[in-house]
Every structure is written in C-alpha cells, then in structure tokens.
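# Residue-level structural notes
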Amino acid sequence: MSLEKDVLLILDTTLGLRGRGLAFLPETRLLGALPEFDSMAIVNLVTGLEERFGVRIDDDEIEGRLFATVASLQDFVRHKIGLSQA
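None of the values given here were measured: they were computed from a predicted structure.

With that out of the way, let us pick up the packing of aromatic side chains. What describes a pair of aromatic rings is the distance from one ring centre to the other and the angle between the planes of the rings. In the structure shown here, the tally under the stated rule is 1 aromatic pair. In this structure, Arg52 packs its charged tip against the face of Phe53, placed 5.0 Å from the ring centre.

Okay, here's the thing in structure tokens:
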C-alpha cells in the first residue's frame, strides 16, 4: 500500500468514517471541516501514524496546519519518514 493510501486508511479508521475517508482527495479539508476531527481524534491519529510508519511525533510538532488538508498531513508523514515529495 502507498503512503497516501495508508494515511487515508488511518484517517478513515481513526475518525470512524466507514470508508468515506478512503475517497478523500489531497485538497480535502480536515481540521475545522469534519465534525469527527476533534482534539481526541488528533491524539489517536498521531498514535496511529507513529505506529504505522515507525516514527515519533513530538508534541511541539503538532500544529493545526499539519491537519489542514489531506495533502498537508501526507506531506508531514513523508517528511517524518524521510521521503521526498512525489
């Protein structure tokens, strides 16, 4: 599975979207646009990303802009695992 699809799957599972999240596009807005995307969801999402990608996300790295869109979240994960943007 690709990084992009993995991130969508983690989003879908974490937010309980029952498959809706798998159809998200890079420009899909997250924070402030989805009622399911609250502070507890962010904690669970960060944990899911850490477990799936084997990275550590420090508290000081967690900013609203990371969760603005699907693309911003995917870019952050790429950065954390050391991949350049496609």
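The next thing to look at is a nonpolar patch on the surface. On the surface, Met1, Leu9 and Leu22 cluster together into a nonpolar patch covering about 320 Å² of accessible area. Note on placement: Leu9 falls in helix H1 (residues 3–15). Owing to a relative accessible area of 36%, Leu9 belongs among the partly exposed residues under this scheme.

This brings us to empty space enclosed by the protein. The full count for this structure, using the stated rule, is 1 cavity of 30 Å³ or more. Here the largest cavity is characterised by a volume of approximately 30 Å³. Forming the walls of the largest cavity are Val46, Leu49, Ile57, Glu61, Ile62, Leu66, Phe67 and Phe76.

Here we take up the packing of helix H2 (residues 39–53) against helix H3 (residues 70–81). Close contact between H2 and H3 brings their axes to 11 Å; oriented N to C, the two are set at 40°. When the axis of H2 is compared with that of H3, the two are oblique. In the packing of H2 onto H3, the handedness of the crossing is right-handed. Contacts between H2 and H3 involve Leu45, Leu49 and Phe53 from the former and Leu73, Val77 and Ile81 from the latter. Among the residues making up the contact of H2 with H3, the classes are represented as 6 nonpolar, no polar and no charged.

For the pair H1 and H3, interaxial distance at closest approach is 10 Å and the crossing angle is 120°. When the axis of H1 is compared with that of H3, the two are oblique. In terms of crossing hand, the pair formed by H1 and H3 is right-handed. The residues of H3 that touch H1, namely those facing Leu3, Glu4, Val7, Leu8 and Leu11, are Val70, Leu73, Gln74, Val77, Arg78 and Ile81. Taken together, the residues of the contact of H1 with H3 break down into 8 nonpolar, 1 polar and 2 charged.

Each value, and the rule that gives it
Residues numbered from 1 in each chain as written. Predicted model: local features only at pLDDT ≥ 70, side-chain atom pairs only at ≥ 80, totals over all residues. Heavy atoms only, no water. Phe/Tyr/Trp six-rings, centres within 6.5 Å; stacked < 30°, edge-to-face > 60°. Lys NZ or Arg CZ within 6 Å of the ring centre and 35° of its normal. Patch = residues over 30% accessible without salt bridge, like charges linked within 9 Å, V, L, I, M, F, W, Y side chains within 5 Å. Areas by Shrake-Rupley, 256 points an atom, 1.4 Å probe, with all protein chains shown as cover. Salt bridge = Lys/Arg side-chain N within 4 Å of Asp/Glu carboxyl O. Helix = DSSP H or I, 4+ residues; strand = E, 2+ residues; numbered from the N terminus. Buried < 20%, exposed > 50% of the residue type's maximum accessible area, 1.4 Å probe, protein only. 1 Å grid on protein atoms, 1.4 Å probe; cavity = no way out; pocket = protein on both sides within 12 Å on 5 of 7 lines; lining within 4 Å. Points joined across faces, edges and corners; volume = space filled by probe spheres on them. Axes fitted to C-alpha atoms, helices over the stretch in contact; angles between N-to-C directions. Parallel < 35°, antiparallel > 145°, perpendicular 65-115°, else oblique. Left-handed = near helix turned anticlockwise from the far one by under 90°. Contact = heavy atoms within 4.5 Å. Nonpolar A, V, L, I, M, F, W, Y, C, P; charged D, E, K, R; others polar.

Nothing here speaks to function; it is geometry throughout.
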